Amino acid sequence: MIRFYLSILLSLLFVVDSFSQTKSPKDYLGYELGSRFTRHHNVVGYFNHIAGENQHVKLINYGETYEKRSLNLAIVTSPENFSKLDEIRENQLFAAGLSEKGSNDQDIAIVWLSYNVHGNESVSTEVAMQTLFELVDPSNTSAQEWLKNTVVIIDPCINPDGRERYVNWYYQKANMPYNKNPDAIEHHEPWPGGRANHYLFDLNRDWAWATQIETRQRLKVYNQWMPHVHVDFHEQGVNSPYYFAPAAEPYHEVVTDFQREFQKTIGKNHARYFDKKGWLYFTKEEFDLLYPSYGDTYPMFNGAIGMTYEQGGSGAAGVGVKTKEGSELTLKDRIEHHLTTGLSTIEVSSKNASLLHDEYRSYFRNAQEKTSDGVTGYLIKNNEDDKIESLTELLDLHDIKYASPSSTASIKGYSYIQNKDVKVALSNNDLLISTAQPKSNLIKALFEAKTKLNDSLTYDITAWSLPYARGLEAYALKTKIEEKEFSPEKRRADRLKMDRPYAYLSKWNSAKDVRFLSYLLKNKVKVRFTNRKFTMKEQQYAPGTLLITRAGNENLKAFDSIVTTGASAFSRPVVPMESGMVTSGVDFGSNKVSFLKKPKIAILTGSSVSSLNFGAIWHFMEQQIQYEATVIDVSYISDVALHKYNVLVMPKGNYSKFFDKTQLNELSTWVNSGGKVVAFGSAISIFAASDAFKISRFESDKEKVREEARIDSIRKESRLISYDQRERNSISNMVQGSIFKTSLDPTNPLGFGYSTNYFTLKTSSGKYAYLKNGYNVGVIKNAEDQISGFAGSQVLDGIDDTLVYGVEKKGQGSLVYLIDDPLFRNFWENGKLLFSNAIFMVGNE
């Protein structure tokens, strides 16, 4: 007993001594939290100060953003726990079945608090500093008690680039002192706002897809800890009360009863504090647990209690703002609310540490024993098109295990492409993802063919299945398959061993092929492509195959070196050819082989443009294929000499005030002279409204009259719908991210590299008729082509025989219409080649 009390005394002396030089946020920063916004470098400085003065705090720099700002985590616990942090972490992974090293003899709760995933929801980072201080302050005896059986991980700012964009703007525009009048400019953040990261991606929708550098770096350390509890701190509209768990329906079916109940336990504790203060709050509304790529659902599907907390405020709040009720909402208020729920979360976790750990072990054990739908695994056929390699990179990031079948038998499985059970032949080179592993629930959520919806009112898209998003030939199996290590055949490097070949051939069916083409064009290599299939040495080559001929590149001294170096660097299976005469099909000198004119690309941006769609295009061009494009604000498009460019990309947006009849005629003239427009979604409407272009929402004037009459009838009926049912009724004309099977023409340059089926993610109810004078490359033939997700009855009623992707020829140029977004959040991997075809192939044939 003496030793026991002595150890406690020494621990307290340790904490007090190490705290003696620790400064509060106010003392360190020189101002009171809530009186102004703190810049990122000062936040990092304060976290370094705390870690430097307190030996039971560890600061980890886990990466940096695109704009080179640091990403950091602080880990804080009791001195006793701190001395065995690695052991605690290993035991956590052992409990999940993710490590063979460790012990179940541990009742330590691990709580992860994530702040500021949306940059202009800027209160969170201020809260992070105060939270860390509360946890190291020895006078906060409650916190010191919690830390005896709790490890707290704090990420003060997930999105520093977005937050700094907002904070810098606010400092430039805010009155001194601040003006609480909501009309003041400091409450009207300009486009694109600080919500998104550098490339304008919403990082709170990127957890599962990991398209952004911030996400990929965070997931590596997240999966090293796998916490019991994860909180994602947010802000909502100025006039909204505080939101905390439990979440709204729908819940994804993999969410367990315990996860549901423990959200309630935490929520009740929050309510206790809020009730005492008289603060308004709400639960069980708006924020559901369906889409797997949020900061609450991704942890939830990884065994944690994942939660979103929403404080009223965001970019319109500034340091203080007058609400519609006439009261003032201050930054200090917002800090206090988030601080309260954060500490309350730690408190409940500490009090229930043993229960959390027991249920955590059960979660992973139960998940891998049997799935709710009886699926034992997912088989992905290896068609040597880069898709397997890309998929395994994502699986590795999520710590999902995979193998190959050890048998070559034929078994029954559900075909994602055919939408039914079929016989499939196994190959030792295929990819097999078994559900008998710890990450089984996450696997199910990412791979399930059809999302199970118990409520169609949801916050985000309702379909996302990876086999459809990535264009995989996939099968859901209900038979256990014997496994062997996955080791796909390596591409042979000796294919390139030929002295001065006549030409090199390179396949065209993935974004990595586009990256190789970008490299070639950047190095001034002239490239051709075939418009027809051909056979050479018993190998068949599809339309779109790149032909890199010596002819035309005679003056490029390093021609062979450039091609072979690029092929090696990008792992392209480039094949040298000694002759241009093919076995069957078109020879290399045929007029069915086209010269690929180097695209000179302009991308429109600005306040009338969808920042998310623009960001996806920008990121794809700059980061993924590394091809130069000039970004032009649409506000000065009339001053731009378009003849300097031959491709104009128009993201979704409202362009009507920038393209009047005169400017549209000028654009039409540019297209007639050889220009190419690639228009996304709502950008197409300006062309549909003009007689100068052939795209139309209706097949005929009669159809237009019928459709207008139908809509008018629906509107009349809706007038009698009761007030409490109007929101639910409105979704009948909405598409909540639903997957449809599209009939595609792979012989058209826009469809090069695809089969006759393409699965599109429809996120808008906008529809267009088939082009009468053009190419209807991708179409939806009837409503039965819906595969998964929610689409309202009115949408399905009018979706038969509608255009998804089309090409209108106009003079020497063309317009490419992308009604559905092939780059949606850049996780719809299978659409990237289609967009690339629009940029590089269409118009060159």
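Quick note: structure is the one above.
Please read all numbers here as calculations on a predicted model, not as lab measurements.

Caption draft 1: Region of interest: the overall build of the chain. Each helix and strand counted, the chain has 25 helices and 37 strands in total. The C-alpha atoms of the chain give 29 Å as radius of gyration, which agrees with the globular expectation for 845 residues (28 Å, within 12%). In terms of overall dimensions, the chain has a C-alpha envelope of 90 × 60 × 55 Å along the principal axes. Every one of the 845 residues in the chain was classed for burial, and the buried ones make up 59%. A sequence separation of at least 24 residues applies to 78% of the contacts in the chain between residues at least 6 apart. In the structure as shown, the chain presents an accessible area of about 34,700 Å², 47% of it carried by carbon and sulfur atoms. The chain carries 98 positive and 100 negative side-chain charges, and their two centres are separated by 5 Å.

Caption draft 2: Inspection of helix H15 (residues 440-447) at higher detail. Across the eight residues of H15, eight count as buried, placing the element largely inside the fold. Residues of H15 that are buried include every one of Ser 440, Asn 441, Leu 442, Ile 443, Lys 444, Ala 445, Leu 446 and Phe 447, and no others. Structurally, H15 contributes buried residues whose contacts are with helix H11 (297-300), helix H13 (353-369), strand E13 (377-380), helix H14 (387-397), strand E17 (431-434) and helix H16 (466-469).

Caption draft 3: Region of the structure containing the packing of aromatic side chains. Tallied over the entire structure, the rule returns 54 aromatic pairs. For the pair Trp 209 and Phe 827, a centre-to-centre distance of 4.2 Å together with 10° between the ring planes defines the contact as stacked. Highlighted residues: Trp 209 in the loop between helix H8 (160-173) and helix H9 (213-225) and Phe 827 in the loop between strand E37 (813-818) and helix H25 (832-841), separated in sequence by 618 residues. Taken as a pair, Trp 209 and Phe 827 share a single burial class, namely buried. On the basis of an interplanar angle of 50° and a centroid distance of 5.6 Å, the ring pair of Phe 680 and Phe 835 is categorised as tilted. Of this pair, Phe 680 sits in strand E31 (residues 676-680) while Phe 835 sits in helix H25; the two residues are 155 residues apart in sequence, bridging distant segments of the chain. Here the basic side chain of Arg 260 rests over the ring of Tyr 251, its NZ or CZ set 4.0 Å away from the ring centre. Directly above the aromatic system of Tyr 273 lies the positively charged group of Arg 272, at a separation of 4.6 Å from the ring centroid.

Caption draft 4: Summary view of the sheet that holds strand E22 (residues 534-536). The strand order across the open sheet built from three strands is E23-E22-E26, with neighbouring strands paired in antiparallel fashion. One side of each edge strand has no neighbouring strand; the edge strands of this open sheet are strand E23 (539-541) and strand E26 (584-585). In this sheet, E23 lies alongside E22 in antiparallel orientation, the contact comprising three bridges. If you follow Thr 535 over to E23, its bridge partner there is Gln 540.

Caption draft 5: Inspection of H8 at higher detail. In this model H8 runs 20 Å from its N-terminal to its C-terminal C-alpha over 14 residues, within 8% of the 20 Å that 1.5 Å per residue would give. Turning to H8, its buried residues are Pro 160, Asp 161, Gly 162, Arg 163, Glu 164, Tyr 166, Val 167, Trp 169 and Tyr 170. For H8, the secondary structure elements touched by its buried residues are helix H3 (40-53), strand E2 (70-76), helix H6 (123-136) and H9.

Here is what the cut-offs are and how they apply
- Residues numbered from 1 in each chain as written.
- Predicted model: local features only at pLDDT ≥ 70, side-chain atom pairs only at ≥ 80, totals over all residues.
- Heavy atoms only, no water.
- Helix = DSSP H or I, 4+ residues; strand = E, 2+ residues; numbered from the N terminus.
- Rg over C-alpha atoms; globule rule 2.2 N^0.38 Å.
- Buried < 20%, exposed > 50% of the residue type's maximum accessible area, 1.4 Å probe, protein only.
- Contact = heavy atoms within 4.5 Å.
- Areas by Shrake-Rupley, 256 points an atom, 1.4 Å probe, with all protein chains shown as cover.
- Lys, Arg positive; Asp, Glu negative; His and termini not counted.
- Charge placed at Lys NZ, Arg CZ, Asp CG, Glu CD.
- Phe/Tyr/Trp six-rings, centres within 6.5 Å; stacked < 30°, edge-to-face > 60°.
- Lys NZ or Arg CZ within 6 Å of the ring centre and 35° of its normal.
- Pairing = 2+ DSSP bridges.
- Expected span 1.5 Å × (residues − 1).

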